[in-house]
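So the chains spell out like this:
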Amino acid sequence: MHGTSQHDDGYLLRPQTASQKTLAVLEAALLNTRFTDIVDAAELPKSTVHRILAMLIGSGFISGDAEHGYRAGKRFTFLAGRTLAELDIIALAEPIIADLVASTQCTVHIGEAASEEVSYLFGAESQRPYRVHSRAGRSAWLHSTGLGKALLAHRTEEEVHSYAERTGLPAQTDSTLTEVDALLQDLEQIAERGYALDLEEHEVGTVCVSAPIFNHRGEPAYSLSISSLVVTHPDDSIERFGPSAIAAAADISELLGARR
């Protein structure tokens, strides 16, 4: 845009028009509490920032003052809450999933976290004659699926022990991790590399790689998996899609309001 420069994340710097100045001050006030920091972030004169802040406070988008600090106002939080409540992860994610299916020629699922299970919200299949069929509408234990382990890896050791005690870590196949120590070791590796593997742990003959999807509060509320058949991706060769799973999950997370 003429007359502006940009942050690395795309936000405008040195706003020129009145609307750009207002947006710059609003963003700066939502990210900073002190007046001087807001002035620095908005890159505008103090008098201009003071005038715009007064307008934003009067309209309820910002609250507070220079002495006690600034924060989001009631009108802003109300509108933000309404927007976030109405976000449809499937509608937001569908274009990303379609690209992922096309590039990997695998089935892609999105799952939603629960205390003990992951629910398959959506599945998109590849056009291969031999492929993993969508499991949308089903649910599974967290410890026996890539979708579930990608979520479980963000829980504390105490929480994982509690999960193990509640569920008993039932086996789905001979490859399911049914010992809590082995599960914890696997979860530690998942947390380090950013993706989980399911190597016939939920269903004989199928494998997948999964990554967590974070909501606007930074919580791993969903996960994404790239699934295939062992005959197509033998051993751990599905792992080559790990970076693709992480990138797609990060893109969806950003659409949900998570900060990279």
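Look up: the structure comes first, before these words.
Computed from a prediction, not measured in an experiment: that's the story for all the values here. Residue indices begin from 1 for each chain and proceed along its sequence in written order. At least 70 in pLDDT is required for a residue's local features to be given in this predicted model, at least 80 for side-chain atom pairs to be given and counted, and no such filter applies to totals for whole chains, interfaces and linings, which use all residues. Computation of side-chain values: all heavy atoms of the structure, hydrogens and water removed.

## What to know about the pattern of salt bridges
Consideration 1: We define a salt bridge as a side-chain nitrogen of Lys or Arg found within 4 Å of a carboxyl oxygen belonging to Asp or Glu. Under the counting rule described, the total for this entry stands at five salt bridges.
Consideration 2: Residues Arg166 and Glu116 are paired through a salt bridge, measuring 2.8 Å at the closest nitrogen-oxygen approach. Of the two residues, Arg166 is situated in helix H7 (residues 157-167) and Glu116 in the loop between strand E5 (107-113) and strand E6 (117-124); the sequence distance between them amounts to 50 residues.
Consideration 3: Exposed residues in this analysis have more than 50% of their type's maximum accessible area, buried residues have under 20%, and partly exposed residues fall in between, with area computed by a 1.4 Å probe over protein chains only. Accessibility expressed as a relative area gives 24% for Glu116, which makes it partly exposed.
Consideration 4: Of the charged contacts, one joins Glu201 and Lys149 as a salt bridge, the two residues approaching to 2.7 Å between their closest N and O atoms. Of this pair, Glu201 sits in the loop between strand E8 (196-199) and strand E9 (206-214) while Lys149 sits in helix H6 (residues 146-152), and the two are 52 residues apart along the sequence.
Consideration 5: Since its relative accessible area comes to 8%, Glu201 is described here as buried.
Consideration 6: For Lys149, a relative accessible area of 0% gives the class buried.
Consideration 7: By sharing partners, the salt bridges in this structure join Lys149, Asp186 and Glu201 into a single network. Only DSSP runs of H or I reaching four residues or more are called helices, and only runs of E reaching two or more are called strands; each is numbered from the N terminus.

## Here's the deal with the nonpolar core
Consideration 1: Here, the term nonpolar core denotes a set of buried Ala, Val, Leu, Ile, Met, Phe, Trp, Tyr and Cys residues that are joined through side-chain atoms within 4.5 Å. Among the nonpolar cores identified, the biggest contains 29 residues, and Ile97, Leu224, Ile226 and Ile252 are the most heavily contacted of them.
Consideration 2: Looking at this core, the elements with two or more residues in it are helix H5 (89-104), E5, E6, E9, strand E10 (220-229) and helix H9 (242-255).
Consideration 3: With seven residues, H5 is the largest single contributor of residues to this core.
Consideration 4: The criterion used for residue contact is that any of the two residues' heavy atoms lie within 4.5 Å. If we skip the residues at most four places from it in the chain, Ile226 touches Leu100, Thr104, Cys106, Thr107, Val108, Val207, Cys208, Val209, Ile238, Phe241, Ser244 and Ala245.

## Concerning the side chain of Thr206
Consideration 1: Structurally, Thr206 can be placed in strand E9.
Consideration 2: With a relative accessible area of 7%, Thr206 lands in the buried category.
Consideration 3: Any pair of nitrogen or oxygen atoms within 3.5 Å is treated as a polar contact; in protein, a donor-acceptor pairing is required on top of that, and neighbouring residues in sequence qualify only through side-chain atoms on both sides. Looking at Thr206, its side chain comes within polar contact range of the main-chain oxygen of Glu203, at 3.1 Å.
Consideration 4: Those residues in contact with Thr206, other than ones at most four positions away along the chain, are Val132, Arg135, Asp198, Leu199, Glu200, Ser228, Leu229 and Val230.

## Thoughts on the sheet that holds E5
Note on sheets: strands pair through backbone hydrogen bonds, and any given pair is parallel or antiparallel.
Consideration 1: Strands are treated as partners if at least two bridges between them are detected by DSSP. One open sheet accounts for six strands, arranged E7-E6-E5-E10-E9-E8; its pairing is antiparallel. Among the strands making up the open sheet, the edge pair consists of strand E7 (139-141) and E8. When the angles between neighbouring strand axes are averaged without regard to direction, this sheet yields 30 degrees.
Consideration 2: Here nine bridges tie E9 to E10, and the two strands are oriented antiparallel to one another. Across the sheet, the residue bridging to Ala211 is Leu224, located in E10.
Consideration 3: For helices, the fitted axis covers only the stretch in contact; all axes are lines through C-alpha atoms, and the angles between them, taken along N-to-C directions, range from 0 to 180 degrees. Strand contacts of H5: E5, E6 and E10, with the helix running at about 65 degrees to E6, the strand carrying the most contacts.
Consideration 4: Along the sheet face, H9 touches E5, E9 and E10 and points at about 30 degrees away from the line of E9.

## With respect to the pairing of strand E3 (residues 62-65)
Consideration 1: Taken together, the four bridges between E3 and strand E4 (residues 69-72) define a ladder with antiparallel strand orientation. Paired with Ile62 across the two strands is Ala72, which belongs to E4.
Consideration 2: Between E3 and E4, which pair antiparallel and follow one another directly, the connecting turn spans three residues.

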